[in-house]
Amino acid sequence: MTIFVDMDEVIADTYGAHIEIYNAEFSANLTAEECKGSDVWKMVPKAHQDSIRKHATRRGFFRNLNPIEGSIEVLKEISERHELYIASAAMQFPNSLEEKSEWLDEHFPFIPWQNRILCGHKHILNGDLLIDDRSYNLEMFNGRSILFSSPHNAFTNGFERADTWIDIAEKLL
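Let me sum up the structure you'll find in this document. Please read these numbers as outputs of a predicted model, since none were measured by experiment.

To continue, consider the overall build of the chain. A tally of helices and strands in the chain yields six helices and six strands. Listed by position from the N terminus, the elements making up the chain come as β-α-α-α-β-α-β-β-α-β-β-α. Viewed in the frame of its principal axes, the chain has a C-alpha envelope of about 45 × 35 × 30 Å. Taking the contacts inside the chain whose residues are at least 6 apart along the sequence as the reference set, 63% of them involve residues at least 24 apart. A total of about 8,900 Å² of accessible surface is found on the chain, and carbon and sulfur atoms cover 49% of it. Distance from the positive charge centre (17 side chains) to the negative charge centre (28 side chains) of the chain: 5 Å.

This is the structure we're talking about:
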């Protein structure tokens, strides 16, 4: 199979990073549970929303993300059995292209640069499976799609869902 996997909130914990940075900057105690069903920036006082929206423009934001638990091990095994590509929107934020590539080199060295699609829209992808946290990317995909659970999509329905990388392994390995 040809499998495409998104980065942000699927293998890289951007959601947690937004909360962590917000809490440090504003001496807050925001949790992912409090943000359930929404993007982080929508769950803070209006005066703080712009700060969160700008996290992704900061040098180092994408480079310093934590991998989602289980993603490294499961993707390594998938890469040994299938044609695996990372497909991530990387054009919106100037630093993200370089930082995402470096992050993948560090955490997913078994995925060569030739199998990394750092793009704008994902509607160009043509393969068997797309794993993504955003329903609008899955809606445009012609193959099988799996919605990877993230706090923001907790109430999104209509897609096959995986809550963890163990779920992905059970579906694909």
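Read on, since the account is not over.
It is worth spelling out the nonpolar core at this point. One finds Val5, Ile11, Leu75, Ile131, Trp165 and Ile168 to be the most contacted residues of the largest nonpolar core, which totals 31 residues. Setting aside chain neighbours within four positions, we find Ile168 in contact with Val74, Ile78, Ile131, Ile146, Phe148, Ala162 and Leu173.

With respect to topology, six strands assemble into an open sheet ordered S3-S2-S1-S4-S5-S6, the strand pairing being parallel. With partners counted over all chains shown, the strands left at the sheet margins are strand S3 (116–119) and strand S6 (160–162), one partner each. Averaged over all pairs of adjacent strands, the angle between strand axes in this sheet comes to 25°, irrespective of strand direction. Against the sheet, helix H3 (residues 71–81) makes contact with strand S1 (2–5) and strand S2 (83–89), and its axis sits at roughly 130° relative to S2, the strand it touches most. Against the sheet, helix H4 (residues 96–107) touches S2 and S3, its axis set at about 160° to S3.

We now examine the pattern of salt bridges. Counted under the stated rule, the structure contains 17 salt bridges. Put simply, Arg134 and Asp39 hold a salt bridge, and the shortest N to O gap is 3.0 Å. In this pair, Arg134 sits in the loop between strand S4 (129–132) and helix H5 (135–139) while Asp39 sits in the loop between helix H1 (14–26) and helix H2 (46–53), placing the two residues 95 residues apart along the sequence. Given the relative accessible area of 17%, Asp39 is considered buried. In this structure, Glu99 and Arg59 form a salt bridge, with 3.8 Å as the shortest nitrogen-oxygen distance. Within this pair, whereas Glu99 is found in helix H4, its partner Arg59 is found in the loop between H2 and H3, the two being separated by 40 residues in sequence. In this structure Arg59 comes out as exposed when scored by relative accessible area, which is 58%. Members of the salt-bridge network, linked through shared partners, are Glu9, Asp39, Asp133 and Arg134.

What counts and what doesn't
Residues numbered from 1 in each chain as written. Predicted model: local features only at pLDDT ≥ 70, side-chain atom pairs only at ≥ 80, totals over all residues. Heavy atoms only, no water. Helix = DSSP H or I, 4+ residues; strand = E, 2+ residues; numbered from the N terminus. Contact = heavy atoms within 4.5 Å. Areas by Shrake-Rupley, 256 points an atom, 1.4 Å probe, with all protein chains shown as cover. Lys, Arg positive; Asp, Glu negative; His and termini not counted. Charge placed at Lys NZ, Arg CZ, Asp CG, Glu CD. Core = buried A, V, L, I, M, F, W, Y, C linked by side-chain atoms within 4.5 Å. Buried < 20%, exposed > 50% of the residue type's maximum accessible area, 1.4 Å probe, protein only. Pairing = 2+ DSSP bridges. Axes fitted to C-alpha atoms, helices over the stretch in contact; angles between N-to-C directions. Salt bridge = Lys/Arg side-chain N within 4 Å of Asp/Glu carboxyl O.

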